Amino acid sequence: MEETDELFNKIITALREEQLFTNPNLTIQDLAAAVGSNRTYVSACINRRTNFSFSQLVAQYRVENAKSILSDPQYSTDHDAVSSAIALSGFTSDQTFYRIFKELTM
């Protein structure tokens, strides 16, 4: 169990502090390499600790980051600012963001 806790802490650190989720092409292999593990262990650890898949966890980080950026007073509701915040959060398209945002916040 300690090993799982250590791996999970590395995963969260990589996502939160290193902001790996902002890479729109992030794969579970990339995350595994960043934490010094393999994709099977990383996937199992994420599933066990969060009840989310890798992609669901990354989507949550991306949505929270976009919400944080958009709540910054320097951003307006201007479509270009929204698109920039979406891209900075690692989404590949506005449509993907809107779909995932709706799934996670409704």
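Since the structure is predicted, the reported quantities are computational estimates derived from the model, not experimental observations.

Enquirer: How should the pattern of salt bridges be read in this particular structure?
Expert: Close approach of charged atoms allows side chains of opposite charge to pair. Scanning all chains against the criterion turns up 4 salt bridges. We note a salt bridge from arginine 49 to aspartate 5, for which the minimum N-O separation is 2.7 Å. With arginine 49 in helix H3 (residues 39-50) and aspartate 5 in helix H1 (residues 2-16), the pair connects residues that are 44 residues apart, well separated along the chain. The class for arginine 49 is partly exposed, based on a relative accessible area of 38%. A relative accessible area of 31% places aspartate 5 in the partly exposed class. Among the salt bridges present, the one from arginine 99 reaches glutamate 103, with a minimum N-O distance of 3.3 Å. Placement of the pair is arginine 99 and glutamate 103 together in helix H6 (residues 94-105), with a separation of 4 residues, close to one helical turn. Residue arginine 99 is classed as partly exposed on the basis of its relative accessible area of 45%.

Enquirer: Is there a simple way to explain the packing of helix H2 (residues 28-35) against H3 in this structure?
Expert: A pair of packed helices is captured by two measures, namely the crossing angle of their axes and the spacing between those axes. Following both chains from N to C, one finds H2 and H3 inclined at 95 degrees, their axes separated by 8 Å at the closest point. By the angle class used here, H2 and H3 are roughly perpendicular. Seen from H2, the contacting residues are Ile28, Gln29, Leu31, Ala32 and Val35; seen from H3, they are Arg39, Val42, Ser43 and Ile46. Its residues placed into classes, the contact of H2 with H3 shows 6 nonpolar, 2 polar and 1 charged.

Enquirer: For this particular structure, what's the right way to read the side chain of aspartate 94?
Expert: Checked against the element boundaries, aspartate 94 lands in helix H6. Within polar-contact distance, the side chain of aspartate 94 engages the side chain of serine 83 at 2.8 Å.

Enquirer: Sorry if this is basic, but what is going on with the environment of asparagine 38 here?
Expert: On the secondary structure map, asparagine 38 appears in the loop between H2 and H3. Judged by its relative accessible area of 34%, asparagine 38 is partly exposed. Sequence-wise, asparagine 38 and isoleucine 28 are 10 residues apart; in three dimensions their C-alpha atoms are separated by 8.6 Å. In this structure the side chain of asparagine 38 is engaged in a polar contact, spanning 2.9 Å, whose partner is the backbone nitrogen of tyrosine 41.

What counts, and at which threshold
- Residues numbered from 1 in each chain as written.
- Predicted model: local features only at pLDDT ≥ 70, side-chain atom pairs only at ≥ 80, totals over all residues.
- Heavy atoms only, no water.
- Salt bridge = Lys/Arg side-chain N within 4 Å of Asp/Glu carboxyl O.
- Helix = DSSP H or I, 4+ residues; strand = E, 2+ residues; numbered from the N terminus.
- Buried < 20%, exposed > 50% of the residue type's maximum accessible area, 1.4 Å probe, protein only.
- Axes fitted to C-alpha atoms, helices over the stretch in contact; angles between N-to-C directions.
- Parallel < 35°, antiparallel > 145°, perpendicular 65-115°, else oblique.
- Contact = heavy atoms within 4.5 Å.
- Nonpolar A, V, L, I, M, F, W, Y, C, P; charged D, E, K, R; others polar.
- Polar contact = N/O pair within 3.5 Å; in protein donor to acceptor, adjacent residues only side chain to side chain.

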